[in-house]
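Listed here are the chains, written in short residue letters.
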Amino acid sequence: KGRFLLAEARLDEAVDALRAAVKADAKLAAAHYMLGNALTTKRDFAGAADAYRATLELVPAAGQVQLQLARVSLMRGDPTAALAAATTALERQPDSAVARLVMAEALLAKRDFSRAADEIQRLRAKYPKAAPVLVLEGKLLGMEGKVADASRAFNQALTLDPSSVEAMTGLVGVDLAQGNPA
């Protein structure tokens, strides 16, 4: 029931139904996972992290759940937990581009620019025209103070994906850093 309510964007009802399912049978990994997704959508990142951790207790090898936990940890502002989850996800899925993207994000959040650059370089070598990779490169360059290079990376990302909110946000950040508020 919770899955259908979630699909219909009836979030409060979905969360209630999924919590009831978890309470009725704490071994339902899918219910914990869907509860995590519903709570993420509601921006209850602490609750979502708890639900994802409960899922991982039941299915420790679930790489996708590790990625969700890493993302939610980033949203919570906990780069240490994000890095731990991303590291585990990457160990389980070493060829996963998404796991590498999340790992790079976590490393940037930890301000570990050297390791982040290594991950981004790996992604760039394999996916040279992927907008999300260019956005990460722009973020790294911007954080290193290389504003012109960051601007180029964000512009390349926008050319490849004109709907990229992250690329546009990066360009706005570059403009603000250069003293161009409009």
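Summary of the structure given here.

Criteria and thresholds
- Residues numbered from 1 in each chain as written.
- Predicted model: local features only at pLDDT ≥ 70, side-chain atom pairs only at ≥ 80, totals over all residues.
- Heavy atoms only, no water.
- Helix = DSSP H or I, 4+ residues; strand = E, 2+ residues; numbered from the N terminus.
- Buried < 20%, exposed > 50% of the residue type's maximum accessible area, 1.4 Å probe, protein only.
- Axes fitted to C-alpha atoms, helices over the stretch in contact; angles between N-to-C directions.
- Parallel < 35°, antiparallel > 145°, perpendicular 65-115°, else oblique.
- Left-handed = near helix turned anticlockwise from the far one by under 90°.
- Contact = heavy atoms within 4.5 Å.
- Salt bridge = Lys/Arg side-chain N within 4 Å of Asp/Glu carboxyl O.

### Comments concerning the overall build of the protein chain
If you tally the helices and strands in the protein chain, you get eleven helices and zero strands. When the helices and strands of the protein chain are listed from N to C terminus, the series reads α-α-α-α-α-α-α-α-α-α-α. With the C-alpha coordinates of the protein chain rotated into their principal frame, the extents come out at 55 × 35 × 25 Å. Classification of the 182 residues of the protein chain by burial places 41% in the buried group.

### Notes on the packing of helix α9 (residues 131-143) against helix α10 (residues 147-160)
Where α9 contacts α10, the axes come no closer than 8 Å and their chain directions differ by 165 degrees. In terms of axis orientation, α9 runs roughly antiparallel to α10. Between α9 and α10 lies a crossing whose hand is left-handed. Residue-level contacts link A131, L134, V135, E137, G138, K139, L141 and G142 of α9 to D149, A150, A153, F154, Q156, A157 and L160 of α10.

### Topic: the pattern of salt bridges
Taken as a whole, this structure holds ten salt bridges when the rule is applied. Put simply, R124 and E137 hold a salt bridge, and the shortest N to O gap is 3.4 Å. Taken as a pair, R124 in helix α8 (residues 113-126) and E137 in helix α9 lie far apart in primary sequence, 13 residues in all. Note on E137: relative accessible area 18%, which makes it buried. The residue E144 makes a salt bridge to K146 at a minimum N-O spacing of 3.4 Å. Judged by relative accessible area, K146 falls into the partly exposed class, the value being 39%. Here the salt bridges share partners, and the residues they tie into one network are R100, E119 and R122.

### Observations regarding the side chain of S151
Its place among the elements puts S151 in helix α10. With a relative accessible area of 18%, S151 lands in the buried category. With residues up to four places along the chain from it excluded, the contact list for S151 reads L171 and V174.

### Some remarks on the side chain of T55
Among the secondary structure elements, T55 is positioned in helix α4 (residues 45-58). Judged by relative accessible area, which is 3%, T55 ranks as buried. The residues touching T55, leaving out its near neighbours within four places in the chain, are A29, H32, Y33 and V65.

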